[in-house]
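Fold and contact review
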Amino acid sequence: GRITAVGWTAFSGLLCNTSSLNCTYNSNHTLKNLGDFGPESQLPHDLVHYLLLNEIDNQRKVHEKILMHHFAGDFSMEPFSEMKAELLVHVLAWISHASAMNNCASHS
């Protein structure tokens, strides 16, 4: 049988659950292929992207998934509004570090 768009969306959600930062962090970062489902060009773009990301260094793929979905374009600072200052400093440092890693990787 064929996998429907709903099925592919479910696979995408397993590889990168974007419902929250924590869910993205805890998504599957190990699955690298789905077997023989025909040419990659027939798979949804986001699914192919997540599978390719899962082939790189573990921390970098997590950083890229989080940056891509939670810190791209106009993003809400609301999740940080109730954060303690000590933790906020670490979170902002992580964002800066992850962003720098992403920029270096895209220029190499």
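Anyway, here's the lowdown on the structure attached to this text. (Residues numbered from 1 in each chain as written. Predicted model: local features only at pLDDT ≥ 70, side-chain atom pairs only at ≥ 80, totals over all residues. Heavy atoms only, no water.)

1. Description of the overall build of the protein chain
- What the protein chain contains, in helices and strands, is five helices and zero strands.
- Overall, the protein chain shows an N-to-C arrangement of helices and strands of α-α-α-α-α.
- Counting over 108 residues, the protein chain shows a buried share of 26%.
- Restricting the contact set of the protein chain to residue pairs at least 6 apart, pairs at least 24 apart contribute 56%.
- Surface exposure of the protein chain reaches about 7400 Å², of which carbon and sulfur atoms provide 56%. (Helix = DSSP H or I, 4+ residues; strand = E, 2+ residues; numbered from the N terminus. Buried < 20%, exposed > 50% of the residue type's maximum accessible area, 1.4 Å probe, protein only. Contact = heavy atoms within 4.5 Å. Areas by Shrake-Rupley, 256 points an atom, 1.4 Å probe, with all protein chains shown as cover.)

2. A few points about the pattern of salt bridges
- Counted under the stated rule, the structure contains one salt bridge.
- In this structure, Glu64 engages Arg60 in a salt bridge whose closest nitrogen and oxygen atoms are separated by 3.1 Å. Taken as a pair, Glu64 and Arg60 lie in helix H4 (residues 58–70) at a separation of four residues, close to a single helical turn. (Salt bridge = Lys/Arg side-chain N within 4 Å of Asp/Glu carboxyl O.)

3. Brief notes about the packing of helix H3 (residues 45–53) against H4
- Between H3 and H4, the least distance of the axes is 9 Å, while the angle of their chain directions is 150°. Classed by the angle they form, the pair H3 and H4 counts as roughly antiparallel. Note on element contacts: H4 touches H3 through Lys61, Glu64, Lys65, Met68 and His69, opposite His49, Tyr50 and Leu53.
- Residue composition of the contact of H3 with H4, by class: three nonpolar, two polar and three charged. (Axes fitted to C-alpha atoms, helices over the stretch in contact; angles between N-to-C directions. Parallel < 35°, antiparallel > 145°, perpendicular 65-115°, else oblique. Nonpolar A, V, L, I, M, F, W, Y, C, P; charged D, E, K, R; others polar.)

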